[in-house]
Amino acid sequence: TNRAETDALFEKRRVMEMNYMEARQEREANYQKELNELRTKDAEDYNQLKIKLETDIQTLEQQLEEMRATYQLNTEKLEYNYRVLTERDMENSATLGQQKRKLARLKDSLSTLTAKYHNTDTKYKQENMELTEEYRRITRQYKDLQSKFRHFEIADNKKYYAIWEMHKEEVLGMVDKLLAAGKVIQTQQLGNEWEAPDPEVFEFHGAGAASHASSDLSLNQVPQAAEDTAKPGGGKSDAGEEPIKRSVVFDSKVRYMLELLSAEAGFLVDPKVKELEEVDSEQAAVQRANSILKSLNVETDTDLRALVKCFYDKVDDDEEDAFALERAADDDAKRRCLGLLVKPDQVVRTIRRFVDDRNAEAGEDVSQKQTKRKKRDDQLDEEQRASDARREQDRREEIKYWERLANIVPDSTVRTWEALEQALTKYNVVLTHRAEAIDEVSSLRQQNEELKALLSQYLSSQTVQDLIVPPIEATAIP
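Residues numbered from 1 in each chain as written. Predicted model: local features only at pLDDT ≥ 70, side-chain atom pairs only at ≥ 80, totals over all residues. Heavy atoms only, no water.

Caption draft 1: Seen up close, the overall build of the chain. A count of helical and extended segments in the chain gives 14 helices and zero strands. Beginning at the N terminus, the succession of helices and strands in the chain can be written as α-α-α-α-α-α-α-α-α-α-α-α-α-α. Put simply, of all contacts in the chain between residues at least 6 apart along the chain, 79% involve residues at least 24 apart. Put simply, the chain shows about 37400 Å² of open surface, and 54% of that area lies on carbon and sulfur atoms. (Helix = DSSP H or I, 4+ residues; strand = E, 2+ residues; numbered from the N terminus. Contact = heavy atoms within 4.5 Å. Areas by Shrake-Rupley, 256 points an atom, 1.4 Å probe, with all protein chains shown as cover.)

Listed below in C-alpha cells is the structure:
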C-alpha cells in the first residue's frame, strides 16, 4: 500500500511537472512572439523617424541656401541704393547752391519791386484817403437821410394806425352795446329768437394792423436789408427767374462760405472796405461780403447758388439738414452737418475754378443784357403797380369794413324797433296814468282809515256815553 501511494504521488508529481513544463513553454513562446512584434514595430518607427529627419534636414538646407541668396540680393540692393542716395545728395547739394544764388537774385528783385511798390502805394494811398473821406461823408449823409425817412414813416404809420385802432375799439364797443340791446329787444320785448350777425362782418381783409406791425419793425430790419444788399443783385434774381427760397440752412451755408472766403482770400476785399472796418464795425462783415461777391462778379441768385455749389455737396436743403443744424453744438459741427467740402487751403483753387467756369459760360451779348434789364425794369414797374393796387384795395376794404360796422343792424330791424318804440311810448303813458290812479286810490284809502279811527275814538269817549241820546242811537238806521 505504501508503494502504491508512493507511485501515485510520483505519478502526480510527474503530471504536475509536465503541466508546468507545457505552461512554461507556452509562456515562453508568447513572450518570444511579443518580443519579435515589438522589435518589428520599433524598427519600422525608427525607419520612419529617420526618413522624416533626413527630409527635414534637406528642407532646412534648401531654406538656408535660399536665405543666403536673399541676403546676397538684399546686400546688393542696399549697396546700390546707398550709391544712388550718395549721388542724389551730391545733386541736391548742387541744386541747393543754385537755388541759394537764385534766391539772392530774387531778393534783389524783391527789394527793387518793394521800393517801387512803396512809392506807388504812397501815391495811391493819399488818393484813397481822399476818396474814403468823401465816401464816409456821403455815407453819413445817406444814413442820416435814411434814418429820418424811416423815423417819419414809422411815426406817420403809428399815428395813423393808432387812430385807426382807437376808432375800431370805440366802434366795436358801440356795436357790442347795440347787439346786446338788440338781443334784449328781440328776446324780451318781441319774443323772437335772436340771431347773431355773421362773424364775417367783424373781419377785416385788408392790411390793417399787420401793416402797422411791419412798419414798427422796419428799424429792426435794417441789418437784414444791409445783408440783402450784400447779396448779389440786392437779393433779386434774373429776369424771368424765380427768386431762391431762402432758408436757415441756406443762409448758414452762405455765411460760413463768406467767412471762409474772407479769412483765406482776403485779396478779394476792397482796400476801401478794410479802411471802413475801423469806422463802422457793425457793417464791417456785410461790407466785406459785398466786396468779395462784387470781386467774384456774383450779381444774381443764380450766381450765388453756383458759388455755394462749389463749396458744399448740395445746395438744396431739407428738414433733416435743419434739424441737424439746430442740434449742432459749435461752428465746426455746423460746418460738418452742412456738408462743407472745401478745406481752407483749397479756397483759392475753388474760386479760381469758379471764375474759369463763369468765363467759359459767358456767352451773352449786349442785346440780351439789355433785354434782361428791360425785363427787370418792367417787372419793377409791375410790382409798383401791384403795390399801388394792393394799397387801393386795402383802402376799399377799410371803407367796406366801416360800412359793415355802421350797418350792423338792417333797415327792417330798425323800422321794427321804431314801431316798437312808438308802442312802448303809448304803453308807458298808460302805465303812468295807471300809476297816478293807484297813488290816488291809496291816498283815499289812507284818509278813510284815518276817518274811521277818529270816529271810533269819538264814539268810545266818556263824554259821548254821558249824553241822554248818544249819537250812535240818533244815527242808527231803523
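Caption draft 2: Quick peek at helix H10 (residues 347-361). The terminal C-alpha atoms of H10, which comprises 15 residues, lie 21 Å apart, in line with the 21 Å expected from a rise of 1.5 Å per residue. Along H10, the residues classified as buried are Val 347, Thr 350, Ile 351 and Phe 354. The buried residues of H10 occupy an angular sector of 90 degrees when projected down its axis, which confines them to one face. Facing away from the buried side of H10, by more than 90 degrees, are the exposed residues Arg 352, Asn 359 and Ala 360. (Expected span 1.5 Å × (residues − 1). Buried < 20%, exposed > 50% of the residue type's maximum accessible area, 1.4 Å probe, protein only. Arc of directions from axis to C-beta.)

Caption draft 3: Inspection of the pattern of salt bridges at higher detail. Inspection of every chain in the model, using the stated rule, returns nine salt bridges. A salt bridge links Asp 121 to Lys 125, with the nearest nitrogen and oxygen atoms 3.3 Å apart. Of this pair, Asp 121 and Lys 125 both sit in helix H1 (residues 2-189), four residues apart, which is roughly one turn of that helix. Where Arg 395 meets Glu 398, a salt bridge forms, and the shortest distance between an N and an O atom there is 3.5 Å. Of this pair, Arg 395 and Glu 398 are both found in helix H11 (residues 366-406), three residues apart, which corresponds to roughly one turn of the helix. Given the relative accessible area of 8%, Glu 398 is considered buried. (Salt bridge = Lys/Arg side-chain N within 4 Å of Asp/Glu carboxyl O.)

Caption draft 4: Just the packing of aromatic side chains, in detail. Under the counting rule described, the total for this entry stands at one aromatic pair. With centroids separated by 4.8 Å and ring planes inclined at 85 degrees, the aromatic side chains of Tyr 160 and Tyr 161 adopt a geometry described as edge-to-face. Its guanidinium or amino end placed over the ring of Tyr 124, Lys 123 lies 5.6 Å from that ring's centre, counting from NZ or CZ. (Phe/Tyr/Trp six-rings, centres within 6.5 Å; stacked < 30°, edge-to-face > 60°. Lys NZ or Arg CZ within 6 Å of the ring centre and 35° of its normal.)

Caption draft 5: Inspection of helix H6 (residues 284-295) at higher detail. Given a rise of 1.5 Å per residue, twelve residues ought to cover 16 Å, and the 16 Å separating the end C-alpha atoms of H6 matches this to within 8%. Every buried residue belonging to H6 is among Ala 284, Val 286, Arg 288, Ala 289, Ser 291, Ile 292 and Leu 293, and all of these are buried.

Caption draft 6: Focus on the packing of helix H7 (residues 301-311) against H10. Remark: H7 packs on H10, axes separated minimally by 10 Å, with the N-to-C direction vectors making an angle of 140 degrees. Here H7 lies oblique to H10, going by the angle between them. Once H7 is placed against H10, the crossing between them reads as right-handed. The residues of H10 that touch H7, namely those facing Asp 303, Ala 306, Leu 307, Cys 310 and Phe 311, are Thr 350, Ile 351, Arg 353, Phe 354 and Arg 358. (Axes fitted to C-alpha atoms, helices over the stretch in contact; angles between N-to-C directions. Parallel < 35°, antiparallel > 145°, perpendicular 65-115°, else oblique. Left-handed = near helix turned anticlockwise from the far one by under 90°.)

Caption draft 7: Region of the structure containing the nonpolar core. Met 257, Leu 261, Leu 296, Leu 307 and Phe 311 are the most contacted members of the largest nonpolar core, which has 27 residues in total. Elements with a minimum of two residues in this core: helix H4 (248-264), H6, H7 and H10. Discounting residues that sit within four places of it in the chain, Leu 261 has contacts with Gly 266, Ile 292, Leu 296, Phe 311, Val 347 and Ile 351. Membership of the second largest hydrophobic core comes to five residues, among which are Val 175, Leu 179, Ile 408 and Val 409. (Core = buried A, V, L, I, M, F, W, Y, C linked by side-chain atoms within 4.5 Å.)

Caption draft 8: Examining the packing of H1 against helix H12 (residues 411-459) more closely. Axis separation between H1 and H12 bottoms out at 12 Å; the angle between their running directions is 60 degrees. In this view, H1 runs oblique relative to H12, as classed from their interaxial angle. Between H1 and H12 the crossing geometry is left-handed. Along the contact surface, H1 presents Leu 178, Gly 182, Ile 185, Gln 186 and Gln 189, while H12 presents Thr 413, Trp 417, Leu 420 and Leu 424. The residue makeup of the contact of H1 with H12, split by class, is five nonpolar, four polar and no charged. (Nonpolar A, V, L, I, M, F, W, Y, C, P; charged D, E, K, R; others polar.)

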